[in-house]
Amino acid sequence: MISQHNIASYAHWIWNAHSKKGHGIHSPFLFNLITNSLHKPLEGNGFGEIELLRKQLECNKTELTISDLGSGSKFAKNGRRTIASVAKHSTSSVSDGRLLVRLMQTTDACNVVEVGTCIGLGTSYLAMAARQGRVTTIEGSAELANVATETFKKLNISNVAQMVGDASVKLKELVANADKLDFVFFDANHRSQPTIEYFKLCLPCVSNNSVFVFDDIHKNADMEQAWLEIIGNERVTLSLDFYTMGAVFFRRELSKQNILLRY
């Protein structure tokens, strides 16, 4: 059921969001990003394969015992869910997957990180977009990580490194060995405190061209508070609120802006 908070939040967003045609945008970088990067045809032809696999997974009745449910799921019963349920309700949508690819195309992303592998569909979009790079993805549930491994095999994806365990611990390990992070997709836990913790762990590896993307920024008041703290950080110069996701940029040449944007 859609909550009153979600209705009010979406109404506010739709009333204030900028047109996807870039009307009212004055920054040359942002106008080019909106009118070109976010709407140009996707390069490569592997994305249809991801969606074919998604349809197969949505019919898979195999049950999983998921040890790490993050903020919890209304579709879980005693920690058990079918792969079909996960594929239908807990993975990046087709639209969000393609938005991730387009956001990645705004930077030459070689070192890509995903926090929250799930069954690997969102990861696959990232991996196909980073043909010359590598995606390191972190998942708290071993059973979900195993399904993701099969996803990558079926899609012939070889540029993904999987890490299984607590996201905070694994992120610390990863950041300690990274010079910079080009693109990070935060899609785990979906609570304010862990989301902000993950963000701060990655900040030391930010470059001028880095892009961080956060899923479910309007899921509830708690996540909205996390989003407000993130975009208020002094190192963030541009934020784009697509409602289902939010992206932040760290380009020093930009004046600080927070834009609600239709996609």
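Described in the following lines is the structure provided in the data block. Not measured: the values here are computed from a predicted model. (Residues numbered from 1 in each chain as written. Predicted model: local features only at pLDDT ≥ 70, side-chain atom pairs only at ≥ 80, totals over all residues. Heavy atoms only, no water.)

1. Looking at the nonpolar core
Which entries qualify depends on this criterion: Residues belong to a common nonpolar core when they are buried Ala, Val, Leu, Ile, Met, Phe, Trp, Tyr or Cys residues joined through side-chain atoms within 4.5 Å. We call a residue buried when its accessible area falls under 20% of the maximum for its residue type, exposed when it is over 50%, and partly exposed in between, using a 1.4 Å probe and counting protein chains only. Contacts between residues were defined by any pair of non-hydrogen atoms, one from each residue, lying within 4.5 Å.
Counting residues in hydrophobic clusters, the biggest one holds 50 residues, and the most contacted among them are L103, I119, F183, V213 and L240. Residues in contact with I119, not counting those within four places in the same chain, are L57, V86, A87, T91, L144, V147, A148 and T151.

2. Comments concerning the pattern of salt bridges
We count it as follows: The term salt bridge refers to a pairing of a side-chain nitrogen on Lys or Arg with a carboxyl oxygen on Asp or Glu at a separation within 4 Å. Going along the chain from the N terminus, every DSSP run of H or I of four or more residues is numbered as a helix, and every run of E of two or more is numbered as a strand.
With the rule as written, the count across this model stands at 7 salt bridges. Between R54 and E51 there is a salt bridge, with the nearest N and O atoms lying 2.5 Å from each other. One end of the pair, R54, and the other, E51, are both in helix α3 (residues 47-57), 3 residues apart, so they sit about a helical turn from each other. For the pair R54 and E51, a shared accessibility class is recorded, and that class is buried. With a closest N to O distance of 3.9 Å, E173 and K170 form a salt bridge. In this pair, E173 and K170 are both assigned in helix α8 (residues 167-176), 3 residues apart and thus about one turn of the helix distant.

3. Things to note about the sheet that holds strand β8 (residues 238-241)
Filter applied, for reference: A strand pair is defined by DSSP finding two or more bridges across the two strands. In this analysis, axes come from line fits to C-alpha atoms, helices being fitted only over the stretch in contact, and the angle between any two N-to-C directions falls in the range 0 to 180 degrees.
Taken in spatial order, the 8 strands of this open sheet run β5-β4-β3-β6-β7-β9-β8-β10, and their pairing is mixed. In this open sheet, the two edge strands, each paired with only one partner strand, are β5 (160-164) and β10 (257-260). On average, each strand axis in the sheet is tilted by 15° relative to the strand beside it, whichever way the strands run. In the sheet, β8 pairs with strand β9 (residues 245-249) via 4 bridges, with the strands oriented antiparallel. Bridge pairing in β9 links L238 to F249. Packing against the sheet, helix α2 (residues 28-37) makes contact with β8, β9 and β10, and its axis sits at approximately 30° to β8. Seen against the sheet, helix α10 (residues 221-231) touches β7 (211-215), β8, β9 and β10 and runs at an angle of roughly 15° to β9.

4. Comments concerning helix α6 (residues 121-129)
Along α6, 8 of the 9 residues are buried, which leaves the element largely enclosed by surrounding structure. The set of residues buried in α6 consists of L121, G122, T123, S124, Y125, L126, A127 and M128.

5. A closer look at the packing of helix α9 (residues 192-202) against α10
Under the convention used in this document: For classification purposes, angles smaller than 35 degrees are called roughly parallel, those larger than 145 roughly antiparallel, those between 65 and 115 roughly perpendicular, and all remaining angles oblique. By definition, turning the near helix anticlockwise from the far helix through less than a right angle yields a left-handed crossing, and turning it clockwise yields a right-handed one.
Between α9 and α10, the least distance of the axes is 8 Å, while the angle of their chain directions is 25°. When the interaxial angle is binned, α9 and α10 end up roughly parallel. For the pair α9 and α10, the crossing hand works out as right-handed. Residues S192, T195, I196, F199 and K200 of α9 form the contact with α10, whose own contacting residues are D222, M223, A226, E229 and I230.

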